[in-house]
Structure formats: structure tokens, C-alpha cells
Amino acid sequence: QVQLVESGGGLVQAGGSLRLSCQASGLTFSSYAMGWFRQAPGKEREFVANIRWSGGTNYADSVKGRFTISRDNAKNTVRLQMNSLKPEDTAVYYCAADRVFGGWSVRGMDYWGKGTLVTVSS
């Protein structure tokens with residue numbers, strides 16, 4: 001049974017930082033690109049960032065230069081370092097896994113975590 005378990009969400013002031021983690025189990029980690037989506041209140045879920053086994057990355061334009069995704073292949077973990085947070089970054093952040101690295105979309109993911117809430121106060 002595949003599980004993606006997120007942690008690290010919380011409340012932070014604008015300009016602050018948080019680091020999210022996602023622990024994966026039940027899958028062959030090396031076979032999957034890993035990444036993050038987010039869903040703000042009243043909005044659709046959107047892509048944030050992803051990373052392939054070898055370390056190549058993609059970012060949404062809204063987070064480029066502020067967020068950094070990384071993965072620890074020995075620990076089956078993917079992380080999202082979020083700096084210079086803005087109130088508009090407030091959302092539930094979901095970890096996702098898919099065999100394909102390119103063209104990530106909400107409908108195309110193989111596996112999802114349950115999400116962790118990030119709240120950025122102004």
C-alpha cells in the first residue's frame with residue numbers, strides 16, 4: 001500500500017520560512033518523480049514543484065526563486081523549502097508521485113498524500 005505522508009505545515013508570518021516534508025512508502029521511490037501541489041480556499045488545486053530521481057526540477061512561476069524542492073533518495077523523502085512566504089501562499093499542500101516527470105496535472109498523478117496546511121499571516 002502506497003503512502004505519502006506530509007509534515008511541516010503551520011502558521012507563519014509573511015516573509016518567514018517553512019519546510020515541508022513528505023515521507024513515501026510502499027513504492028519504488030527511484031521510479032517516481034515527486035512533487036507538490038497546493039489548494040487555497042475556494043480555488044483549484046495547482047502545481048507547485050516537482051523533482052525527478054536524478055534531481056531535475058520544475059517550479060510554478062509563482063514560487064520560482066522562493067521555494068526549493070529536494071529529495072533524499074536514501075530516505076524516500078521529498079522536501080519543499082519555502083522562503084519569503086506571502087499570504088497568497090496560504091493553502092493545503094499535497095505531496096504527489098507520478099512515474100512521469102513532465103506535464104504534471106491534478107488529474108494525472110499516480111498517488112497523493114492527504115495534505116498539510118500552511119497559513120501565512122500578513
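Attention here is on the structure that accompanies the text. Keep in mind it's a predicted model, so treat the numbers as computed, not measured.

What about the state of the cysteines?
Part 1 of the argument: Counted under the stated rule, the structure contains one disulfide.
Part 2 of the argument: Sulfur-sulfur distance for the disulfide between C22 and C95 comes to 2.1 Å. Here the disulfide of C22 and C95 is left-handed, its torsion about the S-S bond being about -80°. Taken together, the residues C22 in strand β3 (residues 18–25) and C95 in strand β9 (residues 91–98) connect sequence positions 73 residues apart. Across this residue pair, the class does not change: C22 and C95 are buried.

As for the packing of aromatic side chains
Aromatic ring pairs are described here by two measures, namely the spacing of the ring centres and the angle between the planes.
Part 1 of the argument: Inspection of every chain in the model, using the stated rule, returns six aromatic pairs.
Part 2 of the argument: Judged by centre distance (5.9 Å) and plane angle (55°), the rings of Y32 and Y111 are tilted. Of the two residues, Y32 sits in the loop between β3 and β4 (33–39) while Y111 sits in strand β10 (residues 111–112), which places them 79 residues apart along the sequence.
Part 3 of the argument: Among the residues examined, Y32 registers a relative accessible area of 6% and is labelled buried.
Part 4 of the argument: Each ring, one from F37 and one from F47, has its centre 5.8 Å from the other, and the planes form 80°; the classification is edge-to-face. In this pair, F37 sits in strand β4 while F47 sits in strand β5 (residues 46–51), placing the two residues ten residues apart along the sequence.

So, the environment of S25
Part 1 of the argument: Assignment of secondary structure puts S25 in strand β3.
Part 2 of the argument: Through-space distance from the C-alpha of S25 to that of T77 is 9.2 Å; in sequence the pair is 52 residues apart.
Part 3 of the argument: Those residues in contact with S25, other than ones at most four positions away along the chain, are Q1, V2 and Q3.

Here we look at the sheet that holds strand β7 (residues 67–72)
Part 1 of the argument: Taken together, four strands build an open sheet; the order of strands is β1-β3-β8-β7 and the sheet is antiparallel. With one partner strand each, in any of the chains shown, β1 (3–7) and β7 form the two edges of the open sheet. The sheet shows a mean angle of 15° between the axes of neighbouring strands, direction not considered.
Part 2 of the argument: Pairing geometry for β3 and strand β8 (residues 77–82), over six bridges, is antiparallel. The residue of β8 that forms the bridge with S21 is R79.

Details of the nonpolar core
Grouped burial of nonpolar side chains is what soluble globular proteins tend to show.
Part 1 of the argument: Counting residues in hydrophobic clusters, the biggest one holds 29 residues, and the most contacted among them are M34, W36, L80, M82 and Y93.
Part 2 of the argument: Mapped onto this core, the elements with two or more residues apiece are β3, β4, β5, β7, β8, β9 and β11 (116–121).
Part 3 of the argument: If you look at the next biggest cluster of nonpolar residues, it comprises six residues, including A33, F37, F101 and W104.

So, the pairing of β5
Part 1 of the argument: Alignment of β4 against β5, held across five bridges, turns out to be antiparallel. Following the sheet pairing, W36 is matched in β5 by A49.
Part 2 of the argument: From the end of β4 to the start of β5, which pair antiparallel, there are six residues, and G42 there has a positive phi angle of about 75°.
Part 3 of the argument: The sheet contact formed by β5 and strand β6 (residues 57–59) spans three bridges and is antiparallel. Note on β6: the bridge partner recorded for A49 is Y59.

What counts and how
- Residues numbered from 1 in each chain as written.
- Predicted model: local features only at pLDDT ≥ 70, side-chain atom pairs only at ≥ 80, totals over all residues.
- Heavy atoms only, no water.
- Disulfide = S-S within 2.5 Å.
- Helix = DSSP H or I, 4+ residues; strand = E, 2+ residues; numbered from the N terminus.
- Buried < 20%, exposed > 50% of the residue type's maximum accessible area, 1.4 Å probe, protein only.
- Phe/Tyr/Trp six-rings, centres within 6.5 Å; stacked < 30°, edge-to-face > 60°.
- Contact = heavy atoms within 4.5 Å.
- Pairing = 2+ DSSP bridges.
- Axes fitted to C-alpha atoms, helices over the stretch in contact; angles between N-to-C directions.
- Core = buried A, V, L, I, M, F, W, Y, C linked by side-chain atoms within 4.5 Å.

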